[in-house]
Amino acid sequence: MSSSNLKKKVFIETLGCQMNVADTERMLGLLDEIDYTQTEDREQADLAILNTCSIREHAVDKMRSYMGRWDKTRKPGSLVALAGCVPQQEGTKLASDMRTADIIIGTHNLHRLPDLVLEAERRRELNQINGIEEAFANKGVYASRPQVAEIWEELPEDIPETPIFRKTKYYAWVNVIYGCNYRCTYCIVPKTRGVQRSRPISEIVSEVQNLADEGYKEIILLGQNVDGYGLDIDTKLATLLREVHKIDGIERIKFLTSHPCDMTYELIETVAELPKVSKYFHIPIQAGNDQILKRMARRYTVARYMELINYIRKLMPDASITGDVIVGFPGETHEQFMDTVKVIQDVAYDACNTAIYSKRPFTPAAEWEDNISLAEKQERIRFLNAICTEVAEKQALRYLDKIEKVLVEGKSVRNPNRLTGRIFNNKTVNIECDPALHDKYIGAFADVRITRTNPWALRGEFV
Ligand code: SAH
Ligand code: SF4
Ligand code: F3S
């Protein structure tokens, strides 16, 4: 390997969900093969990549503002790439819209990134050789920008295994299923991530075994519909959990995101039974009213959702449950909204993400009349957030004065006298600790007494 100062530098900004975080780790792994090393300083980067999200209009606006800012402050001669869900949704026509992007790549052909980068480098050099003056700076909008764009409509038949450069040392995200077969009427994900495709158990087990050998202690199995794992290859998530559970060295296992339709009693029983699996479930409900759920094409009722919650609570009274809801779906009446409020209180979420409905291109709901004013939606979400906070605050109290086994992940970004980690049930805890002792704890499990709680995180001290 060449020495690091000879290497080119890549900076990646990740927007969106854990899928994108995992893809960023793959991009770093792939780029290492063509001698790019990671930098945290974008203005020094030879290649800056924006890994985009398109779940809501706001996320797309963010892309535009980043791109404008980046072009003004980039290192002369550097390349800028757009990756992730916006290109996958928009296709190569995005190139003419985002004229300061040199490389445009979708989610389905991520493994092609090194080739596209090399191609952009080659085109830029050719322009320089041909004496195009701006080509050296490679800044601003002009015709000689490389603009290498490649987006695949489908995931490749065999999704290539790619090298992964993990940013985290003690816990790791492991993709187990790609895509989503649901067609929720508001959601862009089926368009940006394609159809459901499970990885074979053997491949996942060998990846996790390697992680264990490298000293990782926790893994998080990842999928847009993780409960759908295996349905296309004649197996299931419960079976995968059992296999992964056998791997020595891995002490904690989580999985997300769950879909109420594919979550089974057997899965809940398996989680309850396996000691290394966190008693933690992320199960978005989206709405607390059956008519709205039907129009969202969620394919379950509130009663069915509550059945699952009750079974979880029956087997694991202390389980942590989190969710997502959408506010102001087209046609949502005030009464229907209040049903959502009630469900949040009934479930007693440890945390619940809320978002105002955002119209997405190519989705059925985008055709429907959006009859709720923005002011009304904002009022509803404000009210709902207050409820979520209240519920989460109450839920957090059950940890007070308890001793929790914490995987210490690193220093707190906000306070140098604190470490941060997670309890078994996934909640974040900040721990008071003399900086001289930090190295002793980071990356290890430790018993922590919870001394304070708030709706978002816990505070504790080592016992
Ligand atoms: N696969 C998961 C969710 C993936 S998207 C599931 O089925 O629940 C993550 C969250 O973004 C969703 O749970 C939803 O609450 C929110 N979301 C998705 N599309 C949205 C839209 N058009 N407007 C507002 N929020 C949306
Ligand atoms: Fe989107 Fe629905 Fe699939 Fe979740 S299950 S990713 S909300 S289409
Ligand atoms: Fe966003 Fe794509 Fe995830 S749209 S939420 S980054 S799958």
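About the criteria used
- Residues numbered from 1 in each chain as written.
- Chains lettered and ligands numbered in written order.
- Predicted model: local features only at pLDDT ≥ 70, side-chain atom pairs only at ≥ 80, totals over all residues.
- Helix = DSSP H or I, 4+ residues; strand = E, 2+ residues; numbered from the N terminus.
- Rg over C-alpha atoms; globule rule 2.2 N^0.38 Å.
- Buried ≥ 20, exposed ≤ 12 C-beta atoms within 10 Å, placed from the backbone.
- Pairing = 2+ DSSP bridges.
- Axes fitted to C-alpha atoms, helices over the stretch in contact; angles between N-to-C directions.
- Contact = placed C-beta atoms within 7 Å.
- Near = placed C-beta within 6 Å.
- Nonpolar A, V, L, I, M, F, W, Y, C, P; charged D, E, K, R; others polar.
- Expected span 1.5 Å × (residues − 1).
- Right-handed = clockwise from strand over helix to strand, strands pointing away.
- Domains from an automatic or database assignment.
- Arc of directions from axis to C-beta.
- Core = buried A, V, L, I, M, F, W, Y, C linked by C-beta atoms within 7 Å.
- Parallel < 35°, antiparallel > 145°, perpendicular 65-115°, else oblique.

In terms of regular secondary structure, the chain is built from 15 helices and 19 strands. Over its C-alpha atoms the chain spans a radius of gyration of 23 Å, differing by no more than 12% from the 23 Å that the globule rule assigns to 463 residues. If one aligns the C-alpha atoms of the chain with their principal axes, the spans along those axes are about 70 × 60 × 45 Å. Considering the chain as a whole, with its 463 residues, one finds that 43% of them fall into the buried category.

All right, on to the sheet that holds strand β3 (residues 47-52) then. Spatially, β2-β1-β3-β4-β5-β6 is the arrangement adopted by the six strands of the open sheet, whose pairing is parallel. Edge positions in the sheet fall to β2 (36-38) and β6 (148-150), since each has one partner strand and no second. For this sheet, the mean angle separating the axes of adjacent strands, direction not counted, is 20°. Sheet strands touched by helix α1 (residues 18-32): β1 (8-14), β2, β3 and β4 (79-84). Its angle to β1, the strand with the most contacts, is close to 170°.

Around ligand 1, 17 residues are found, and the nearest of them are Tyr186, Pro284, Asp324, Ala355 and Ser358. The class makeup of the residues in the shell around ligand 1 is eight nonpolar, six polar and three charged.

Quick look at the environment of Tyr349 now. Position of Tyr349 among the secondary structure elements: in the loop between α13 (334-347) and β14 (351-356). Given 25 C-beta atoms within 10 Å, Tyr349 falls into the buried group. Put simply, Tyr349 and Ile283 are 66 residues apart on the chain and 9.9 Å apart in space, counted from C-alpha to C-alpha. Setting aside residues up to four positions removed in sequence, Tyr349 forms contacts with Ile321, Thr322, Gly323, Ile344, Cys388, Val391 and Ala392.

What follows covers the site of ligand 2. Every residue lining ligand 2 is accounted for by Cys180, Tyr182, Arg183, Cys184, Cys187, Val189, Pro190, Gln224, Asn225 and His259. Considering only residue class, the shell around ligand 2 consists of six nonpolar, three polar and one charged.

Before going further, it helps to spend a moment on the sheet that holds strand β10 (residues 218-222). A sheet is described by the order of its strands in space; here three strands give the open sequence β7-β10-β11, paired in parallel fashion. A single partner strand is all that each edge strand has here, and the edge strands are β7 (171-175) and β11 (252-256). Within the sheet, the average angular offset between the axes of one strand and its neighbour, ignoring direction, is 20°. Here β10 pairs with β11 via five bridges, running parallel. Residue Leu221 lies in a different strand from β11, and its bridge partner there is Phe255. Contacting β7 and β10, helix α8 (residues 201-213) crosses the sheet at an angle of about 165° to β7.

Right, let's get into α1. Here α1 spans 21 Å end to end across 15 residues, near enough to the 21 Å set by a 1.5 Å rise per residue. Regarding α1, the residues found buried are Met19, Asn20, Asp23, Thr24, Glu25, Met27, Leu28, Leu30 and Leu31.

A separate point is the pairing of β11. Among the five residues that make up β11, five are buried, leaving the element largely enclosed by the rest of the structure. Between the parallel elements β10 and β11, the chain passes through helix α9 (residues 237-245) in a crossover that is right-handed.

So, about the environment of Gly228. For Gly228, the position within the fold is in the loop between β10 and α9. Placed 51 residues apart in sequence, Gly228 and Ile177 show a C-alpha to C-alpha distance of 7.9 Å.

This part takes up the domain arrangement of the chain. Under the domain assignment, the chain is made up of domain 1 (4-150), domain 2 (171-398) and domain 3 (400-462). Each of domain 2 and domain 3 was reduced to a C-alpha centroid, and the two centroids are 26 Å apart. Every element with two or more residues in the side of domain 2 that touches domain 3 is listed here: β11 and α14 (374-396). It is α14 that contributes the most residues to the side of domain 2 that touches domain 3, four residues altogether. Residues belonging to the side of domain 2 that touches domain 3 are distributed by class as follows: six nonpolar, three polar and eight charged.

Moving on: helix α12 (residues 302-315). Under the 1.5 Å per step criterion, the end-to-end length of α12 is 20 Å for 14 residues, consistent within 8% with the ideal 20 Å. Taken residue by residue, α12 has Val302, Tyr305, Leu308, Ile309 and Ile312 as its buried positions. Mapping the buried residues of α12 onto a view down its axis gives an arc of 125°, with all of them on the same face. Exposed residues on α12 whose side chains face more than 90 degrees from its buried face are Ala303, Asn310 and Lys314. Packed against the buried residues of α12 are α10 (265-273), β12 (280-282), α11 (290-296), β13 (320-327) and α13.

For the rest of this paragraph, the subject is the pairing of β4. Within β4, six of the six residues are buried, which leaves it mostly tucked inside the rest of the structure. Of the pairings in the sheet, the one linking β3 to β4 comprises six bridges and is parallel in character. In the sheet register, Leu47 faces β4, and the bridge partner there is Leu79. Once you follow β3 into helix α2 (residues 57-73) and on to β4, the crossover reads as right-handed.

Further remarks concern the nonpolar core. Among the nonpolar cores identified, the biggest contains 82 residues, and Val174, Val176, Ile219, Ile220, Leu222, Val226 and Tyr349 are the most heavily contacted of them. Among the elements that take part in this core, α14 stands out by supplying six residues, more than any other. Split by domain, this core shows at least three residues from each of two domains, domain 2 (171-398) and domain 3 (400-462). When residues no more than four places from it in sequence are discounted, the contact partners of Val174 are Ile204, Glu207, Val208, Ile219, Ile220, Leu221 and Leu222. Counting 40 residues, the second-largest nonpolar core is a separate cluster that includes Leu28, Leu47, Trp70 and Met98.

Another point: the packing of α13 against α14. With their axes 10 Å apart at the nearest point, α13 and α14 run at an angle of 10° to one another. One element, α13, and the other, α14, form an angle in the roughly parallel class. Across from Phe337, Val341, Ile344 and Gln345 in α13, the residues of α14 making contact are Arg380, Leu384, Ile387, Cys388 and Val391. Split into classes, the residues belonging to the contact of α13 with α14 amount to seven nonpolar, one polar and one charged.

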